[in-house]
Amino acid sequence: MGCQSPIGCGVEDGALLMVATRVREGVVRQPIRKREPVHSNEQQESSGLRLAVVRDVFANPSDAMTFQFIAEERSDFVAFWRRGLWSPEKLGWPDTLKYCMYDEPIEGNLDLSWYNAIDVAEIYHDWTAYCVNRWPQKTFVTVWDNIPYNGWNQFSPDIISKARGFIGRSQLTCNMLEDRYQIPEEKVFWIPAAVDTNRFAPSTPDNEGNRFSDKPTILFAGRLVWEKGLLDLIYACDGMPWTLVICGSGPMEELLSQAIPEEVDVRFIGAVPHHEMPDVYRMCDIFCYPSIPTQHWVEQFGISVIEAMACGLPCVTTDVGAFHDFRAVAGAAIQLVPPMRYDMLQEALVKAIKGRRKLSRLARDMAVEHYDSKVIGERLREVYTSE
């Protein structure tokens, strides 16, 4: 049976379709309850899985890695997003992921009848509500947001009551879905995001490149905004014989450059395309992500953390939001410190630098075992094909 989409994408049986969405961010103020992630006891036959992954303006290659195993296993991955938002070249999709575009309004321009599983995002988008209302028995809602009622609107009640299932990217999110929205536990699945551990891997003699510095080098990669804790990171590096590399762009860049003490060696390298990030990680020793929670935002997952660990970098983060989940699996490969405590951040960085050779192997092993695209892809497939 051919693709029933009105745009005529020509997708074969077992294909994966992606359409892109705007993800909101948030904060949580509730205790964490222990739960086990979804695991597949044995690999299931996936020949019957026809998955459409619907996103939009925030479609990005980091999110795409989560679905990469399913895409590679089947014949095609077709990424759909609204025409004119992004070019696939700017997104930098992995080579395995193909794409098409659709026009607004989504109704009448995107028919997903052919697919037997649909993955949408968050509980407040109109296109999520469109998919849930039209195909409730096969639509799963992936949720990153972890603040109760953050973004709640007229679409949310229908999405919560009608969707087949909900995939929470963190335990915090799953707790919110069950406790605050009263979604039955059997409809909520904890499945984190994934990293392609073949592309994000430690240096080898074949790909070993230049370093940013001969000194121990700490990397931050993300948006340059106050809540990422960059001022704390700069203060933690004050007086230390390290190099700090700041990768990214944002409104804080000028302020940060003015706040740097003379004794701190800081290199601003700007925003780097996703496909070049493995080289950036490999040129550093430690990854640090000292986020600060706000009233309307807290870390929802931290894909850059698992990318860094896949490249063999020990990590230091703050003990906030979805970073709690790393405690159970990362062991010594990641240290979590209270937010806005640059003194404790400095102590953790000293410890990570001293033990970085051993911790590098632990970080890589953790990423491969728990967050590899194949591991996460199999868990997702189990959910999508469940009765």
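In the block above lies the structure referred to throughout.
Rules used in this analysis
- Residues numbered from 1 in each chain as written.
- Predicted model: local features only at pLDDT ≥ 70, side-chain atom pairs only at ≥ 80, totals over all residues.
- Heavy atoms only, no water.
- Helix = DSSP H or I, 4+ residues; strand = E, 2+ residues; numbered from the N terminus.
- Contact = heavy atoms within 4.5 Å.
- Pairing = 2+ DSSP bridges.
- Axes fitted to C-alpha atoms, helices over the stretch in contact; angles between N-to-C directions.
- Expected span 1.5 Å × (residues − 1).
- Buried < 20%, exposed > 50% of the residue type's maximum accessible area, 1.4 Å probe, protein only.
- Arc of directions from axis to C-beta.
- Core = buried A, V, L, I, M, F, W, Y, C linked by side-chain atoms within 4.5 Å.
- Right-handed = clockwise from strand over helix to strand, strands pointing away.
- Polar contact = N/O pair within 3.5 Å; in protein donor to acceptor, adjacent residues only side chain to side chain.

Draft legend 1. Representation of the overall build of the protein. Along its length, the protein carries 14 helices and 14 strands. In the protein, of all internal contacts separated by at least 6 residues, the share reaching a separation of at least 24 is 75%.

Draft legend 2. Quick look at unusual backbone geometry. One non-glycine residue with positive phi stands out, namely Gln182, at about 60°. Within the fold, Gln182 resides in the loop between α6 (171-179) and β8 (188-190). Positive phi, close to 65°, is recorded for Met340, a residue that is not glycine. Secondary-structure assignment places Met340 in the loop between β14 (334-337) and α12 (342-354).

Draft legend 3. Layout of the sheet that holds strand β13 (residues 315-318). Spatially, six strands are ordered β11-β10-β9-β12-β13-β14 in an open sheet, and the strand pairing comes out parallel. With one partner strand each, in any of the chains shown, β11 (265-270) and β14 form the two edges of the open sheet. Adjacent strand axes in the sheet meet at a mean angle of 20° when their direction is disregarded. Where strand β12 (residues 286-289) meets β13, three bridges bridge the pair, whose relative direction is parallel. Each residue of the ladder has a partner; that of Phe287, found in β13, is Cys315. Across the face of the sheet, helix α10 (residues 303-310) comes into contact with β9 (217-221), β12, β13 and β14 while running at roughly 170° to β12. Strands in contact with α12 are β9, β12, β13 and β14; relative to β14, the strand with the most contacts, it is inclined by about 170°.

Draft legend 4. Representation of helix α13 (residues 356-371) within the structure. With 16 residues, α13 should cover 22 Å at 1.5 Å per step; its first-to-last C-alpha distance of 21 Å lies within 8% of that length. Of the residues making up α13, those classed as buried are Leu359, Ala363, Arg364, Met366, Ala367, His370 and Tyr371. One face of α13 carries all of its buried residues, which in axial projection span an arc of 160°. For α13, exposure combined with an orientation more than 90 degrees from the buried face picks out Arg357, Lys358, Arg361 and Glu369. In the core, the buried residues of α13 are packed alongside α10, α11 (326-330), α12 and α14 (373-384).

Draft legend 5. Geometry of the nonpolar core. In this structure, Ile218, Leu233, Tyr281, Phe287, Val305 and Leu349 are the most contacted members of the largest nonpolar core, which totals 62 residues. Here this core gets six residues from one element, more than from any other, and that element is α10. In this structure Leu233 touches Ile218, Phe220, Leu244, Cys288, Pro290, Leu345 and Leu349, once residues within four positions along its chain are discounted. Core analysis: the next-biggest nonpolar cluster, separate from the first, contains 31 residues, Ile106, Trp114, Ile183 and Trp190 among them.

Draft legend 6. Fine view of the pairing of strand β10 (residues 243-247). The buried fraction of β10 amounts to five of the five residues, a majority that puts the element mostly inside the structure. Residues of β10 alternate between two faces, with Thr243, Val245 and Cys247 on one and Leu244 and Ile246 on the opposite face, all of them buried. Read from β9 through helix α7 (residues 230-237) to β10, the crossover connection turns out right-handed. With five bridges connecting them, β10 and β11 associate as parallel partners. Opposite Cys247, over in β11, you have Gly270 as the bridge partner.

Draft legend 7. Just the side chain of Thr66, in detail. Take Thr66: it is sitting in the loop between α1 (61-65) and α2 (68-73). On the accessibility criterion, Thr66 (0% relative accessible area) is buried. Within the structure, Thr66 has its side chain in polar contact with the backbone nitrogen of Ala194 (distance 3.1 Å). Setting aside anything within four residues of it in sequence, one finds Thr66 in contact with Arg169, Pro192, Ala193, Ala194, Ile376, Gly377 and Leu380.

The values reported here are purely geometric and, on their own, carry no functional implication.
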